Amino acid sequence: MSADTLRVVSGIQPTGNLHLGNYLGAIRNWVRMQNEMEAGSECLFFLADLHAISMSHDPVELRRNTLEMAAALVACGIDPDRSVLFNQAQVPAHAELQWLLMGTARMGWLGRMTQWKDKAGKNREGQSVALYAYPVLQAADVLLYQATHVPVGDDQKQHLELARDIAQKFNNDFADDDRPVFTLPEPFIPPQAARIMSLRDGSAKMSKSDPSDMSRINLTDDADTVMKKIKKAKTDPEPLPSEIDGLEGRTEALNLVTMYSALTDRKIDHVLAEFGGKGFGTFKPALGEVLVETLSPISERFNALLRDDEFIDAVLARGAAKARERGLPTLHAAYEALGLLRHPG
Ligand code: TYM
């Protein structure tokens, strides 16, 4: 890879539906980066099915969700002819490299991860080892391909900082200064919509694991459901302010305005210049409309793809073959740097 070549790598867990937070925080940027790639640069996007087994799961559902999430990504605009689209489990080098990095990652680093603390709660002893070591697999995911840029929402920033720390320590400990084994990846976090919040609680992020379906907009929701969820979204009784400062402390209002601004690609100031002084009775239907406009072509494509498992299977197999090839040189370099006598295959 030459110095000005971009390698964009990112993943999503195939658990449940794709929601608006995933779309605005990450997937939309994946599509944009893919469409702006220049010759020699490449995007790799994957379903993090190996990550999904860190929590209790139903194997039949995981298999189904992996195919559905792949279909959802294609429906959002990921083009398997331009990007490498695959699932981790078909590329054993992810799990292999994770183990090779385990000697470098420190217990203390993992213990500080907020996602670990949130997911484990008070019952740390009862969690799987995989949940604790999860960020090491995430580091392997990007380091394996010499990722230069990793488009993610704000909640993944800490995991990427950890990936950089692991890469740096591994390079320092095991590589010559002029021939590092790993590239340090840069997180790419959108300036807007990096953290879309729940529709029911402006202090919690929109998430697949929230038990209330009313808390999120799924990319598969039909127009009536979208309108209903937005109408019921929590707000306050005040009209919208004309300037962004007026949204301070109004987390739910800020969240809805952020969604509108991201969906219409307009600055928050511009949105408030239009809606300042108006109540949610006016703003919510306008937001519902832009949501339906964005989502309905995606869900139409998604529904068509769902009828074609064979196509998605073939896309993933083809993507995995490419990914295995792309990852091999780095995997071999890591074995070598560690002094391991690897199988020559
Ligand atoms: P996951 O599956 O939770 O989410 C996928 C992407 O969606 C973003 N996202 C959000 N962005 C804005 N607002 C929200 N409410 C919101 N919820 C989710 C996430 O930041 C993410 O970019 N550990 C990762 C998957 C992963 C990965 C990787 C990502 C595995 N290996 C390597 C990047 C690189 C995860 O669980 O994302």
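Data block above holds the structure.
The structure displayed is predicted, hence computed values, not measured ones. The numbers attached to residues start from 1 for each chain and follow its sequence in the written order. The predicted origin of the model limits local features to residues at a pLDDT of at least 70 and limits the giving and counting of side-chain atom pairs to 80 or more, whereas totals for whole chains, interfaces and linings rest on all residues. To get the side-chain values, all heavy atoms of the structure are used, and hydrogens and water are removed first.

Turning next to the site of the ligand. We call a residue near a molecule or strand as soon as one heavy atom of that residue lies within 4 Å of the molecule or strand. With respect to spatial proximity, 28 residues lie near the ligand, and among them Q13, Y134, D141, D155 and I196 are the closest. Here a nitrogen atom of the ligand sits 3.1 Å away from a polar atom, N or O, in the main chain of G21. Two N or O atoms count as a polar contact when they lie within 3.5 Å, although within protein this holds only if one can serve as hydrogen donor and the other as acceptor, and sequence-adjacent residues are included solely when both atoms are side-chain atoms. A distance of 2.7 Å is found between a nitrogen atom of the ligand and a backbone nitrogen or oxygen belonging to I196. Per-residue and other accessible areas follow the Shrake-Rupley method at a 1.4 Å probe size, with only the shown protein chains counted as cover for residues. Calculation on the ligand without its partners gives an accessible area of 720 Å², and the protein chains cover 96% of this total. Secondary structure counts use DSSP, requiring at least four H or I residues in a row for a helix and at least two E residues in a row for a strand, with both numbered from the N terminus. At the level of elements, β1 (7-12), α1 (20-36) and α7 (129-143) are the ones that each hand at least two residues to the shell around the ligand. The residue makeup of the shell around the ligand, split by class, is 12 nonpolar, 11 polar and 5 charged. Under the scheme applied here, ten amino acids are nonpolar (Ala, Val, Leu, Ile, Met, Phe, Trp, Tyr, Cys and Pro), four are charged (Asp, Glu, Lys and Arg), and all others, including Gly, are polar.

All right, on to empty space enclosed by the protein then. As defined here, a cavity is a set of points on a 1 Å grid over the protein atoms alone where a 1.4 Å probe fits but cannot get out. A pocket is an open set with protein on both sides within 12 Å along at least five of seven lines, and residues line them when an atom is within 4 Å of a point. Grid points are joined across faces, edges and corners, and a volume is the space filled by probe spheres set on the points. Evaluated as defined, the whole model comprises 2 cavities of 30 Å³ or more. Of the pockets and cavities examined, the largest cavity occupies roughly 60 Å³. Lining the largest cavity, in full, are M113, Q115, W116, K119, L131, Y134, P135 and H159. Counting residues per element, the ones that place at least two in the lining of the largest cavity are α6 (114-120) and α7. What lines the second largest cavity is P80, S83, V84, L85, V315, R318, G319 and K322. At 4 residues, helix α13 (residues 309-338) tops the list of elements feeding residues into the lining of the second largest cavity. Classifying every residue of the lining of the second largest cavity gives 4 nonpolar, 2 polar and 2 charged.

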